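# Structure assessment
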Amino acid sequence: MRNILILIILFFITLSNNVFAIHFPIRGEVKTRVKFWIKVYTEVNTHQAFIHDSKDLSIIYKKVTLPKSKRARKRQAKRERNAIKIALRRIANKNYKNLTAFENKIAKIIGKRRPQTIRKMAQNIRYQYGLKDRYYKGLIRSYNYLDYIKQTFKKLNMPEDLAYLPHVESSFNYLAYSKVGAAGIWQFMRYTARTYGLKVGYIVDERRDVIKATKSAARFLKDNYRILKTWPLALTAYNHGAASIKRAVGRLKTREIHKIIRHYKGRRFGFASKNFYATFMATVIISKNPMKYFKRFRRSNKFSYSNLKLKRPFTIKQLSKYL
């Protein structure tokens, strides 16, 4: 009987993993990108950064601790990038011979490559600030809302793992407001919010209402899926726009996200858009097994609330007085 029970459990685990893989495949270079973002979310805080290759995310040159002031950070970033750029060019020119200690260290990181490839790599050096502390705060906050968000997606026959998307967008902070004007845990722009039935005004901004904004986000994602036919593309369109991703599908004659990331040369399809799906998948993987990445993790209590139907209208002043 015990063996039968174990087999049943293993069957459902396998079934769950297969469903996950069907909806959210991790193939090709997406694997490398997901591994990189897991490191960003679990190994470096916001006062630290990785210096890495922007094309090949398996290449991380250095982990650095950053000064507090923005000006000092910019100076350090420029200095660190220049040092690696010079080292790469010298490795290419010397063809791996008579290297200094620093050049030899960089050579070991990149492995054996052709000089022309190394010279191109010298143009692809990028800083990525860490997100470990920010993500962890969002992880704790997420338990206030996850049950409701998953139920919302389930009712619409959508994958429940879409509920983890606010980790990428806002760290589940309903007060989040981006420099381009996106707000709430789903980071809706004003036009999109209004298109999906949210009120956005000076007094009331329903983008910050987790309940209403979640319903609108579900409809938005479902529309993306209807247009693009796969969840990786629907998610990428959440960041980049469905029309642009549809154009990429038309040009490349494929709906496979790893092929589009590798080959699509759209004018606005830059680093953030290429990595959006990978960042989402990284947060899904971490969020499903936080103890693996955060040894002191303790899940917070569930957030409880009630819906009350009022018999007559009340002003905000009256409600605040009574409550």
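Please refer to the structure placed before this passage.
Residues numbered from 1 in each chain as written. Predicted model: local features only at pLDDT ≥ 70, side-chain atom pairs only at ≥ 80, totals over all residues. Heavy atoms only, no water.

### Thoughts on the pattern of salt bridges
Scanning the entire structure with this criterion turns up 13 salt bridges. When the shortest N-O distance is used, the salt bridge between Asp205 and Arg207 registers 2.9 Å. Across the pair Lys212 and Glu206 runs a salt bridge, and its minimum N-O distance is 2.8 Å. Judged by relative accessible area, which is 39%, Lys212 ranks as partly exposed. A cluster of three or more residues bridged by salt bridges with shared partners is formed by Arg27, Glu256 and Lys259. (Salt bridge = Lys/Arg side-chain N within 4 Å of Asp/Glu carboxyl O. Buried < 20%, exposed > 50% of the residue type's maximum accessible area, 1.4 Å probe, protein only.)

### Quick word on the side chain of Ser171
In this structure, Ser171 sits in the loop between helix 8 (166–169) and helix 9 (190–195). In terms of polar contacts, Ser171 uses its side chain to reach the side chain of Arg134, at 3.1 Å. (Helix = DSSP H or I, 4+ residues; strand = E, 2+ residues; numbered from the N terminus. Polar contact = N/O pair within 3.5 Å; in protein donor to acceptor, adjacent residues only side chain to side chain.)

### Quick word on a positive patch on the surface
A grouping of Lys70, Arg71, Lys74, Arg75 and Arg79 is seen on the molecular surface, where their side chains present a positively charged patch. Within the secondary structure, Arg75 is located in helix 3 (residues 70–94). (Patch = residues over 30% accessible without salt bridge, like charges linked within 9 Å, V, L, I, M, F, W, Y side chains within 5 Å. Areas by Shrake-Rupley, 256 points an atom, 1.4 Å probe, with all protein chains shown as cover. Lys, Arg positive; Asp, Glu negative; His and termini not counted. Charge placed at Lys NZ, Arg CZ, Asp CG, Glu CD.)

### A word on helix 7 (residues 146–155)
For helix 7, every residue scored as buried is listed here: Leu146, Tyr148, Ile149, Thr152 and Phe153. For helix 7, the angular spread of the buried residues around the axis is 165 degrees, confining them to a single face. Opposite the packed face of helix 7, turned more than 90 degrees from it, sit the exposed residues Lys154 and Lys155. Buried residues along helix 7 sit against helix 6 (132–142) and helix 10 (210–228). Residue Asn157 follows helix 7 closely and has a positive phi angle near 60 degrees. (Arc of directions from axis to C-beta. Contact = heavy atoms within 4.5 Å.)

### Quick notes on the sheet that holds strand 3 (residues 125–129)
Strands in a sheet are paired, the pairing made by backbone hydrogen bonds, and the direction either parallel or antiparallel. If you trace the three strands from one edge of the open sheet to the other, you get 2-1-3, paired in antiparallel fashion. Both edges of this open sheet fall to strand 2 (60–65) and strand 3, since each of them pairs with a single strand only. The sheet shows a mean angle of 25 degrees between the axes of neighbouring strands, direction not considered. When strand 1 (residues 48–53) meets strand 3, the two strands line up antiparallel, connected through five bridges. From the neighbouring strand, His52 faces strand 3, where its bridge partner is Arg126. Here helix 3 sits on the sheet in contact with strand 1, strand 2 and strand 3, set at roughly 140 degrees to strand 3. (Pairing = 2+ DSSP bridges. Axes fitted to C-alpha atoms, helices over the stretch in contact; angles between N-to-C directions.)

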